[in-house]
Amino acid sequence: MKVRPGIKALLCGITCAFSAAVLAQSDYPNRPVRMIVPFAPGGASDFVGRILQPAMSELLRQQVVVDNRPGAAGNIGVETAVRASADGYTFLLGNVGTMAINPSYYTKFPYRPLKDLIPITQVVDVPGSLVVHPSLPVKSVKDLVAHLKANSGKLNYGSPAPSSANSLEMLMFLNANGAKATEVPYKGGAGPATIGLLSNEVQMMFVTFSSALPHVKQDRMRMVGVIAPERNPALPDVPTMREQGFDMTVGSWQGLFVPKDTPRPIVSKLLQVGQDTMKNPQVRKRLADGGVSIVVSKSSADFVKFVKDETDRFGKVIKDANIQAQ
């Protein structure tokens, strides 16, 4: 059968394009890869990202560059990842706030994580903690509740944003105890909020355990409760919230995401790299020293289901509390 020249040229173009795509994937990566961290340095996401970076660079045989893109409760960084080329050279370190809370809080925001990004794998779960400025005369969560009630509305609490897990935790805590305090949101994530507490601009906050740990060890802040099922070995004398009669176990999980339409072979490779990174002894030790738990998804599909379940869970909390974007 004779093929007309026009059709022959078209078929040749398609074949060449397909071959080039396959070659690009088989050669992946052949240049540096960008890891977007949607928060400023100093918070849990930056802490985790910079521990993963050397091991991932070694496994990919290319430099992984940490790119902090703070702002709008992490939405700026996520949108940067959504708009990036779907070629495997940009991936996002997303967390519970950016992936599971913001979609329900910012109802008109132009992206949806499960539609615009491909979840690859969870990597860690960072326990939360309730910390106070050391000038407060409190040693336990019950002491703090009593102090709040005796000074109704006089204390400030810090948060990365009204939509953050930190803010929702404090809102639930205050409502459950009939206490009042003023929220002071900080741009850029937990890092700037933590600085606000250290300078006594705010007197208390919920923050990830890893962000608080070095300051607690230096007596620059006091941790009164850990949000986890069990006490953390890094600070074994600090009781859990549950031990003190407050049923809170919400952590801040983090995981890897790539733009939609990223080729499946690249997704599979990044899944393997993510899983192997979390087996690295140095990575495991550094995360453990920071009080971070390693949690790796069995498959990309498992992580998709996990993110969906978390989105539904926090969506219900936001709806029931009638929380709306400011």
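Residues numbered from 1 in each chain as written. Predicted model: local features only at pLDDT ≥ 70, side-chain atom pairs only at ≥ 80, totals over all residues. Heavy atoms only, no water.

**Focus: the overall build of the protein chain**
Put simply, the rule reads: Helix and strand assignments follow DSSP, with helices taken as H or I runs no shorter than four residues and strands as E runs no shorter than two, numbered in order from the N terminus. Within these notes, the globule rule equals 2.2 Å times the number of residues to the 0.38 power, and the radius of gyration is based on C-alpha atoms. Residue burial is assigned from relative accessible area. The probe radius is 1.4 Å, only protein chains are included, and a residue is buried under 20% of its type maximum, exposed over 50%, and partly exposed in between. In this analysis, two residues are considered to be in contact whenever any of their non-hydrogen atoms come within 4.5 Å of each other. Computed with a 1.4 Å probe, the accessible areas rest on the Shrake-Rupley method; for each residue, only the protein chains presented here act as cover. His residues and chain termini do not enter the charge count, which takes Lys and Arg as positive and Asp and Glu as negative. For charged residues, the charge sits on one atom: NZ in Lys, CZ in Arg, CG in Asp, CD in Glu.
A tally of helices and strands in the protein chain yields 12 helices and 11 strands. Computed over the C-alpha atoms, the radius of gyration of the protein chain is 22 Å, within 12% of the 20 Å expected from 2.2 N^0.38 for a compact globule of 326 residues. Referenced to the eigenvectors of the C-alpha coordinate spread, the extents of the protein chain come out at roughly 90 × 40 × 30 Å. Counting every position in the protein chain, which comprises 326 residues, the buried fraction comes to 53%. Across the protein chain, contacts joining residues at least 24 apart in sequence account for 77% of those joining residues at least 6 apart. Surface accessibility of the protein chain: about 15300 Å² in total, with carbon and sulfur atoms responsible for 55%. Each charge class in the protein chain can be summarised by its mean position, and for the 36 positive and 25 negative side chains these summaries are 5 Å apart.

**Looking at the packing of helix H4 (residues 96–105) against helix H12 (residues 300–320)**
Threshold: To get an axis, a line is fitted to the C-alpha atoms, and for a helix only the part in contact is used. The angle between two axes follows their N-to-C directions and goes from 0 to 180 degrees. Roughly parallel refers to an angle under 35 degrees, roughly antiparallel to one over 145, roughly perpendicular to one between 65 and 115, and oblique to any angle outside these ranges. The crossing is said to be left-handed when, going from far helix to near helix, the turn is anticlockwise and less than a right angle, and right-handed when the turn is clockwise.
Contact geometry of H4 with H12 gives a least axis separation of 8 Å together with a crossing angle of 45°. Between H4 and H12, the interaxial angle falls into the category oblique. Helix-helix and strand crossings are classified by hand; for H4 and H12 the assignment is right-handed. In contact with Val96, Met99, Ala100, Ile101, Ser104 and Tyr105 of H4, H12 contributes Val307, Glu310, Thr311, Phe314, Gly315 and Ile318.

**Details of the side chain of glutamine 275**
Topologically, glutamine 275 is positioned in helix H10 (residues 264–277). For glutamine 275, a relative accessible area of 17% puts it in the buried group.

**Side note on the pattern of salt bridges**
Filter applied, for reference: The salt bridge criterion pairs a side-chain nitrogen of Lys or Arg with a carboxyl oxygen of Asp or Glu, the two atoms within 4 Å.
In the structure shown here, the tally under the stated rule is 12 salt bridges. A salt bridge links arginine 34 to aspartate 67, with the shortest nitrogen-to-oxygen separation between them at 3.2 Å. Here aspartate 67 lies in strand E2 (residues 64–68) and arginine 34 lies in strand E1 (residues 33–37), a separation of 33 residues in the sequence. A relative accessible area of 24% places arginine 34 in the partly exposed class. Overall, the relative accessible area of 16% leaves aspartate 67 in the buried class. Among the charged side chains, a salt-bridge network with shared partners connects Arg34, Asp67 and Arg69.

**Notes on the side chain of glutamine 254**
Positionally, glutamine 254 belongs in strand E10 (residues 252–259). Here glutamine 254 is in contact with Ala44, Ser45, Val48, Leu93, Gly94, Asn95, Gln122, Val123, Val124 and Val126, once residues within four sequence places are set aside.

**Regarding the packing of aromatic side chains**
How two aromatic rings sit relative to each other is set out by the distance from centre to centre and by the angle between their planes. Cut-off, in case you're wondering: Centre distance within 6.5 Å is the pairing criterion for rings of Phe, Tyr and Trp, where only the six-membered ring of Trp is used; planes under 30 degrees apart are then read as stacked, over 60 as edge-to-face, and the remainder as tilted. Charge over a ring is defined by NZ of Lys or CZ of Arg lying within 6 Å of the ring centre and within 35 degrees of the ring normal.
In total, this model carries eight aromatic pairs according to the counting rule given. Relative to phenylalanine 246, the ring of phenylalanine 173 lies with its centre 5.6 Å away and its plane at 55°, an arrangement referred to as tilted. Placement of the pair is phenylalanine 173 in helix H7 (residues 165–177) and phenylalanine 246 in the loop between strand E9 (222–227) and E10, with a sequence separation of 73 residues. Just as phenylalanine 173 is buried, phenylalanine 246 falls in that class too. With 6.3 Å between their ring centres and 15° between their planes, phenylalanine 303 and phenylalanine 306 make a pair best called stacked. One end of the pair is phenylalanine 303 and the other is phenylalanine 306, both in helix H12 and three residues apart, which spans about a single turn. Ring pairs connect the aromatic residues Trp253, Phe257, Phe303 and Phe306, which therefore count as one cluster. The side chain of arginine 31 reaches across the aromatic face of tyrosine 89, ending 3.6 Å from its centre.

**Quick word on the layout of surface pockets**
Where we set the bar: The method works on a 1 Å grid over the protein atoms by themselves. A cavity is a set of points holding a 1.4 Å probe that cannot get out, a pocket is an open set with protein on both sides within 12 Å along at least five of seven lines, and residues with an atom within 4 Å of a point line them. Grid points are joined across faces, edges and corners, and a volume is the space filled by probe spheres set on the points. The residue classification treats Ala, Val, Leu, Ile, Met, Phe, Trp, Tyr, Cys and Pro as nonpolar and Asp, Glu, Lys and Arg as charged. All others, Gly included, are polar.
In this structure, the largest pocket spans a volume of roughly 190 Å³. Around the largest pocket, the lining is made up of 13 residues, and of these Arg231, Asn232, Pro233, Gly291 and Ser293 lie nearest the centre. Looking at the lining of the largest pocket residue by residue, the class counts come to eight nonpolar, three polar and two charged.

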